[in-house]
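The residues making up each chain are set out below.
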Amino acid sequence: MSFEKDDKVVLNDKHSEFDGETGTVTQVMESMFGEATYTVSFDDGQEVGIAADQLEAAADDDADADDDEE
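Quick caveat, the model's predicted, so the values are computed rather than measured.

Turning our eyes to something else, we now look at the packing of aromatic side chains. Scanning the entire structure with this criterion turns up 2 aromatic pairs. For the pair phenylalanine 3 and tyrosine 38, a centre-to-centre distance of 5.8 Å together with 80° between the ring planes defines the contact as edge-to-face. With phenylalanine 3 in the segment before β1 (8-11) and tyrosine 38 in strand β3 (residues 36-42), this pair connects stretches of sequence that are 35 residues apart. By relative accessible area, which is 1% here, tyrosine 38 ends up buried. Between the aromatic rings of phenylalanine 18 and phenylalanine 42, the centroid separation amounts to 4.5 Å while the plane-to-plane angle is 5°, which identifies the pairing as stacked. Taken together, the residues span a long stretch of sequence, with phenylalanine 18 in the loop between β1 and β2 (22-30) and phenylalanine 42 in strand β3 at a distance of 24 residues. Both residues of the pair, phenylalanine 18 and phenylalanine 42, belong to the buried class.

Shown next as structure tokens:
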């Protein structure tokens, strides 16, 4: 699956401090092998050079759940 800038994604990388967190794609770069890598921003920082197979689309209701809580 490929992602575009501003897509909400969940990172699946057990070696990352952001594993399991939802973030926003801020940059899409193409590697010299023709595969896309991503920069994803999280609340506490960002992760650079993420492969598409480490990301999954975030559920649409995740963003809305934060707005509903008071």
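It is worth spelling out the environment of aspartate 43 at this point. Within the secondary structure layout, aspartate 43 lies in the loop between β3 and β4 (45-51). Aspartate 43 sits in the exposed class, given a relative accessible area of 82%. Between the C-alpha atoms of aspartate 43 and threonine 22, which are 21 residues apart in sequence, the distance is 8.9 Å.

The next point concerns the nonpolar core. One broad trend across soluble globular proteins is that nonpolar side chains are buried collectively. Core analysis: the largest hydrophobic core is formed by 10 residues, namely Phe3, Val9, Leu11, Phe18, Val25, Tyr38, Val40, Phe42, Ile50 and Leu55. Only β1 and β3 provide two or more residues apiece to this core. At 3 residues, β3 tops the list of elements feeding residues into this core. With near-sequence residues (within four places) excluded, valine 40 lies in contact with Val9, Gly23, Thr24, Val25, Thr26, Gly45, Gln46, Glu47, Ile50 and Leu55.

Note on sheets: strands pair through backbone hydrogen bonds, and any given pair is parallel or antiparallel. Within the open sheet, the 5 strands sit side by side as β4-β3-β2-β1-β5. Their pairing is antiparallel. Looking at which strands have only one partner, the edges of the open sheet turn out to be β4 and β5 (55-57). Each strand of the sheet is rotated relative to its neighbour by a mean of 45°, with strand direction disregarded. Examined bridge by bridge, β2 and β3 share 6 bridges and lie antiparallel to one another. Within the sheet, the bridge partner assigned to methionine 29 lies in β3 and is threonine 37.

We now examine the side chain of serine 16. Among the structural elements, serine 16 can be located in the loop between β1 and β2. In this structure the side chain of serine 16 is engaged in a polar contact, spanning 3.0 Å, whose partner is the backbone nitrogen of phenylalanine 18. Not counting the four nearest positions on each side in its chain, serine 16 is found in contact with Leu11 and Glu47.

Cut-offs applied
- Residues numbered from 1 in each chain as written.
- Predicted model: local features only at pLDDT ≥ 70, side-chain atom pairs only at ≥ 80, totals over all residues.
- Heavy atoms only, no water.
- Phe/Tyr/Trp six-rings, centres within 6.5 Å; stacked < 30°, edge-to-face > 60°.
- Helix = DSSP H or I, 4+ residues; strand = E, 2+ residues; numbered from the N terminus.
- Buried < 20%, exposed > 50% of the residue type's maximum accessible area, 1.4 Å probe, protein only.
- Core = buried A, V, L, I, M, F, W, Y, C linked by side-chain atoms within 4.5 Å.
- Contact = heavy atoms within 4.5 Å.
- Pairing = 2+ DSSP bridges.
- Axes fitted to C-alpha atoms, helices over the stretch in contact; angles between N-to-C directions.
- Polar contact = N/O pair within 3.5 Å; in protein donor to acceptor, adjacent residues only side chain to side chain.

Just geometry here; none of it tells us what the structure is for.
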